[in-house]
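Spelled out, the chains give:
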Amino acid sequence: MTSIIRPLRRRTAPRKILDTGDLLNRLVEASPVAVALSTRSDARYLAANDEYLNLVGYSRDEMIGYTAWELNVWLSAEDRRRLVRTIRSQNKLHNLELRLRTRSGEIITTLISAEAVLYRDQECILSMITDITDRKRTEELLQAGYHQLAVASSLARSLAETLEPGQIYEKLSRVIHQVMPHVSEVSVCLYHGTRKEIECVYWEMDQRLVDIRSLPALPLADPGRGTQSEVIHTRQPLLVHNLADRLHTASHIICVEPDEPVSQSGILAPMLADGQVLGVVMVQSLEQNHFTEKDVELLSLLSNTAGIALQNARLFSHLAEAHASQVDAFDRIIEGWGRAMEVRNREMEGHTRRVAEMAVALGQRLGLTDDQLVDLRRGSLLHDIGKMVIPDAILLKPGPLEPQEWEIMQQHPAYALHMLQPFHPSGAIQDVPLCHHERWDGEGYPSGLKGEEIPLFARIFSVVDVWDALTSERPYREAWTSQEAIEYIAMESGRRFDPQVVAQFLPMIVERFQQLQQPTLEPGHKAG
């Protein structure tokens, strides 16, 4: 499959001559890379290591002695022509990307390096192949995914201002129709885990709402039966090319408009939030085999975005009720949001509690009143609430963000303000989430505030937030030592941080970590 079936017209580099021992050594040394030897004239396989056989799915008896054409390994004639041209001009090639067909019919993407050799006086091609299918799919998802991220980000911004479940469903349906042409139906079902029931809460057919008030809740079916039930059990999306065949496994079928054309294919995706299945979003088409795996990925992204918004709506609903009746309940829910954020982003575990406690301690040193300290604690607990609508692909990315991704991430303070707006936030509850990324020198975001234009609560919190971030381990870097972190805080006094806040923070940290040496603030960066 990786050889040339026509003789070369010219030689541009000498061929290497291998004996059997050399060949076996190469096969062993190349493991676990897939290695094969084929004739140059007709691409007939002469030898292959186990990794190669596993890659293409053939046994040695099924492969050796047969050509790549007989085994139908080549997917594209253009790929073959590219390989032929390269070998003809250079007698070898390095990391050429090719798509191949396995015995099962699966299409895989590979990187192939090959070289013309003589084996037992026969012109052959020695090939080494690496399977990059998973990596390629990730790259394709990211490339195609910039559009998806833009769509999801737009939906997230819209849903960040929405606390009414019905509006969440309507906005979700509108976006689905924008990105998935020829969708005939969109429905949303909620899953009630305590009762093990599935309730239809939204159904739109041909972009008109279906009256669902009389629809009964359906019991959760056993694993392997039904469609919504299967998605709830597996917590994975389900692509159904032929709905009629799939519905034979359903325990209950609801037909609301029997005179309408029957949908032929569909996708179901779970709405996940905080590790729980909130429900299932289903899209349908009147055509069989209409949807692709890319559609599945896109619907999963949109469904999870809606799930997060729905969870936020539920949390905010509980918050409004609790705030009206009991301040203590309000505080507990705020802490729950902080924990929910940490559950979603494991590397931040404990961060919210630590920075809230440290911000209050620093506020005490700066002379804040008791009411202000309570306000500061609440604002600290909510400081990253805007990240709840940032897509996982950005929030949980283990490496540096791309410029487009960083632009979306920098919107989380504005998202926070939108999410808190129904409660008319003031003081630290507004200032900390919105302004804790502003800088004393005016180079921060989102508003570029400078100096005392930045609210005091945000100036206090930004110092402790950076301290905790620096001294905590991240997937992409080790934690800084306390001494390194305190020296950085001192160095940034008057640039990133309010000098007066830093002047109180340094001795507070030294008192907590008595082994530290308090840095001296540089001239021009001291508190005035």
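Anyway, here's the lowdown on the structure attached to this text. (Residues numbered from 1 in each chain as written. Predicted model: local features only at pLDDT ≥ 70, side-chain atom pairs only at ≥ 80, totals over all residues. Heavy atoms only, no water.)

### Structural notes on the overall build of the chain
Here is step 1: In terms of regular secondary structure, the chain is built from 19 helices and 13 strands.
Here is step 2: Buried positions account for 50% of the 528 residues belonging to the chain.
Here is step 3: Put simply, 60% of the contacts in the chain that link residues at least 6 apart link residues at least 24 apart. (Helix = DSSP H or I, 4+ residues; strand = E, 2+ residues; numbered from the N terminus. Buried < 20%, exposed > 50% of the residue type's maximum accessible area, 1.4 Å probe, protein only. Contact = heavy atoms within 4.5 Å.)

### Digging into the environment of Ile429
Here is step 1: When you line up the elements, Ile429 lands in helix H16 (residues 428-435).
Here is step 2: Judged by its relative accessible area of 13%, Ile429 falls in the buried class.

### Here's the deal with helix H18 (residues 482-491)
Here is step 1: Burial in H18 covers these residues: Ser482, Ala485, Ile486, Tyr488, Ile489 and Ala490.
Here is step 2: Where H18 is buried, its residues meet helix H17 (456-470) and helix H19 (499-512).

### Comments concerning the pattern of salt bridges
Here is step 1: Considering all chains together, one arrives at 17 salt bridges under this definition.
Here is step 2: The shortest N-O distance in the salt bridge between Arg103 and Glu62 comes to 3.0 Å. Residue Arg103 is located in the loop between strand S4 (92-101) and strand S5 (107-119), and its partner Glu62 is located in helix H3 (residues 60-63); the two are separated by 41 residues in the primary sequence.
Here is step 3: Assessed through its relative accessible area of 48%, Arg103 is described here as partly exposed.
Here is step 4: For Glu62, a relative accessible area of 30% puts it in the partly exposed group.
Here is step 5: Among the charged side chains, a network of salt bridges with common partners joins Arg439, Asp441, Glu492 and Arg495. (Salt bridge = Lys/Arg side-chain N within 4 Å of Asp/Glu carboxyl O.)

### Quick word on the packing of aromatic side chains
Here is step 1: Inspection of every chain in the model, using the stated rule, returns six aromatic pairs.
Here is step 2: Ring plane angle 50° and centroid distance 6.2 Å describe the contact between Tyr169 and Tyr202, whose orientation is recorded as tilted. In this pair, Tyr169 is assigned in helix H6 (residues 165-179) and Tyr202 in strand S8 (residues 197-205), connecting sequence segments 33 residues apart. Of the two residues, Tyr169 and Tyr202, neither departs from the other in class, the shared state being buried. (Phe/Tyr/Trp six-rings, centres within 6.5 Å; stacked < 30°, edge-to-face > 60°.)

### Topic: unusual backbone geometry
Here is step 1: Here the residue pair Tyr445 and Pro446 is connected by a cis peptide bond, since its omega of 10° sits within 30 degrees of zero.
Here is step 2: Looking at the secondary structure, you find Pro446 in the loop between H16 and H17.

### Some points on the side chain of Gln284
Here is step 1: Considering the arrangement of structural elements, one finds Gln284 in strand S13 (residues 276-285).
Here is step 2: Judged by relative accessible area, which is 10%, Gln284 ranks as buried.
Here is step 3: Only 3.4 Å separates the side chain of Gln284 from the side chain of Ser263, close enough to count as a polar contact.
Here is step 4: When sequence neighbours within four positions are dropped, the list of residues in contact with Gln284 reads His182, Val183, Ser184, Glu185, Leu243, Ser263, Ser265, Gly266 and Phe291. (Polar contact = N/O pair within 3.5 Å; in protein donor to acceptor, adjacent residues only side chain to side chain.)

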